[in-house]
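Spelled out, the chains give:
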Amino acid sequence: QELEKEFNLDFLVNIIDRLDWAGFLEAAAILNQQGLPSSKEEIDKANEEGMRKLHHALMEVDVVTGALVCTETGRRFPIAGGIPNMLLNQDEL
Amino acid sequence: LTNNILCYDSDIHQCTACPPSQFKHREPNKAMDSDSDAHSTGKIETCQPQPRHNLPSPVIPLTGDDWEHVYEPAEDTFLFMDALQEELPFLMERETRTVLELGCGSGCVTAFLAQHLRGATFFASDINPHALQAARRVFDANKVEVELFQADLLSAWRPRGNIDVLLFNPPYVPTPKEEMTSSWIARSWAGGDRGREVVDRIFPSLQEHLSAGGC
């Protein structure tokens, strides 16, 4: 789903600091979000259009039904109602 | 966190209906085995506990059916919110960016902090699927944005030193081991051996999860 959320530059900059950028880009690509900076260093806070695109990809696009796939093992963690289930099964512990 | 059961004295419990002699006190270092009431319900028996914090509490649009499977806010919940209210200036001045609550239950502790601490991104998790549904409703009712996920404590969070504030009101009642997994609601209080089995699981990796000034 894509839900509009209030654009807040400071908030965005703060959370970017905590992001695993490579992971974010990969997820964004899967969700068809294009034109994002390829590294944190390339982010230009003064470029409003770029920041709004980033805001959209990060804050406004949500997976409601789908899965998170572990890039190392391929293990799927289903997402339902927007909530990922990260629990392991008995035989995986 | 203490090794022992919290002592609720009249300073914290502000029930106006009960005279002080009716409060159940618990001395530190005193075992709970003899107190079957607290052992079976996981709560110290009180009536109409009143929160002391004066910032507005979150609205909680949950009903009796919900409380069958999800921990109903009680003394310890309000104590947590009181403490968070007191720490708000501290949390605000250090630019808190990420907050994660483990075992969020109904979500009201995170909802409370999210209402009053602006600028941070909030995450909340629980192992109990009923808790997650309840928390979603609490967050929506209070118009706070919180990323929810189902997980067993920190097992789904890669230790990257990226948590600024970790919130956890763990199950702390000493119980037999089997009780810990006997039902969803039991998970909210059943702490196994010395009441420590759940909370002790987060300490080994805590250092790698918390950010430089994380708490």
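Residues take numbers from 1 onward in each chain, read along the sequence in its written order. The naming scheme follows written order: chains are lettered A onward, ligands numbered 1 onward. Local features are withheld for residues below a pLDDT of 70 in this predicted model, meaning they are given only at 70 or higher, and side-chain atom pairs are given and counted only at 80 or more; totals for whole chains, interfaces and linings count all residues. With hydrogens and water set aside, each side-chain value is computed from the structure's full complement of heavy atoms.

1. Brief notes about the overall build of chain A
Threshold: Secondary structure counts use DSSP, requiring at least four H or I residues in a row for a helix and at least two E residues in a row for a strand, with both numbered from the N terminus. With a 1.4 Å probe rolled over the protein chains alone, any residue whose accessible area is under 20% of its type maximum counts as buried; one over 50% counts as exposed, and the rest are partly exposed. Residues count as neighbours in contact if any of their non-hydrogen atoms are within 4.5 Å of one another.
Scanning chain A for helices and strands turns up three helices and three strands. In sequence order, chain A lays out its α and β elements as α-α-α-β-β-β. Across its three principal directions, the C-alpha atoms of chain A cover 50 × 25 × 20 Å. Taking all 93 residues of chain A together, the buried fraction comes to 29%. For chain A, long-range pairs separated by at least 24 residues make up 43% of all intrachain contacts whose partners lie at least 6 apart in sequence.

2. Focus on the packing of helix α3 (residues 75–93) of chain B against helix α4 (residues 108–116) of chain B
Residue and element names in this part refer to chain B. Heads up, the condition is: Axes here refer to lines fitted to C-alpha atoms; in helices the fit is confined to the stretch in contact. Angles between the N-to-C directions go from 0 to 180 degrees. Roughly parallel here means an angle under 35 degrees, roughly antiparallel means over 145, roughly perpendicular means 65 to 115, and every remaining angle is called oblique. Should the near helix be turned counterclockwise from the far one by less than a right angle, the crossing is left-handed, whereas a clockwise turn marks it as right-handed. Here the term charged refers only to Asp, Glu, Lys and Arg, the term nonpolar to Ala, Val, Leu, Ile, Met, Phe, Trp, Tyr, Cys and Pro, and the term polar to all other amino acids, Gly among them.
Contact geometry for α3 and α4: axes closest at 10 Å, N-to-C directions at 30°. Relative to α4, the element α3 lies roughly parallel. Once α3 is placed against α4, the crossing between them reads as right-handed. Seen from α3, the contacting residues are T77, F80, M81, L84, Q85, L88, L91 and M92; seen from α4, they are C108, V109, F112, L113 and H116. Split into classes, the residues belonging to the contact of α3 with α4 amount to ten nonpolar, three polar and no charged.

3. So, the sheet that holds strand β3 (residues 83–84) of chain A
Residues and elements named next belong to chain A. Definition in use: Paired strands are those between which DSSP finds at least two bridges.
A sheet is described by the order of its strands in space; here three strands give the open sequence β1-β2-β3, paired in antiparallel fashion. Either end of the sheet is taken by a strand with one partner, and the two such strands are β1 (66–69) and β3. With two bridges joining them, strand β2 (residues 76–80) and β3 adopt antiparallel strand pairing. When the sheet's bridge partners are listed, A80 is paired in β3 with I83.

4. Regarding the packing of helix α1 (residues 9–18) of chain A against helix α3 (residues 48–60) of chain A
Packed helix pairs are specified by the crossing angle of their axes together with the interaxial distance, meaning the distance between the axes. Residues and elements named next belong to chain A. At a minimum axis separation of 11 Å, α1 and α3 run at an interaxial angle of 65°. Once α1 is placed against α3, the crossing between them reads as left-handed. Facing L9, F11, L12, V13, I15 and I16 of α1, the residues of α3 in contact are M51, L54, H55, L58 and M59. Along the lines of polarity and charge, the residues of the contact of α1 with α3 split into ten nonpolar, one polar and no charged.

5. Re unusual backbone geometry
All names here are of chain B. Located in the positive-phi region is E95, a residue other than glycine, with phi close to 50°. Its identity as a non-glycine residue notwithstanding, L153 has a phi of 50°, on the positive side. Note on placement: L153 falls in the loop between β3 (146–150) and β4 (165–168). Taking the relative accessible area as the measure of exposure, L153 reaches 13% and is therefore buried.

6. Let's talk about α3 of chain B
All names here are of chain B. Definition in use: By this rule the span expected of a helix is its residue count minus one, scaled by 1.5 Å. By definition, a residue's bend is the angle between the axes fitted to the seven residues ending there and the seven starting there.
The first and last C-alpha atoms of α3 sit 28 Å apart over 19 residues, in line with the 27 Å expected at 1.5 Å per residue. Along its length, α3 shows its largest kink, about 50°, at E87, and proline P89 lies within four residues downstream of that point. Within α3 the residues assigned to the buried category are E75, D76, T77, F78, F80, M81, D82, L84, Q85, L88 and L91. Check the buried side of α3 and you find it contacts α4 and β4. Downstream of α3 by a residue or two, E95 has a phi angle that is positive, lying close to 50°.

7. Section: the confidence of the model for chain B
In low-pLDDT segments, the atomic positions of the prediction should not be examined closely. Residue and element names in this part refer to chain B. For the record, the criterion: By definition, pLDDT measures how confident the predictor is in each residue, and it falls between 0 and 100.
Residues of chain B with pLDDT of at least 70 account for 75%, and the chain-wide mean is 81. Overall, residues 1–49 carries pLDDT values under 50, and its contacts beyond four positions in sequence, including any with other chains, amount to 73 contacts. The ipTM assigned to the predicted complex is 0.89, against a pTM of 0.80.

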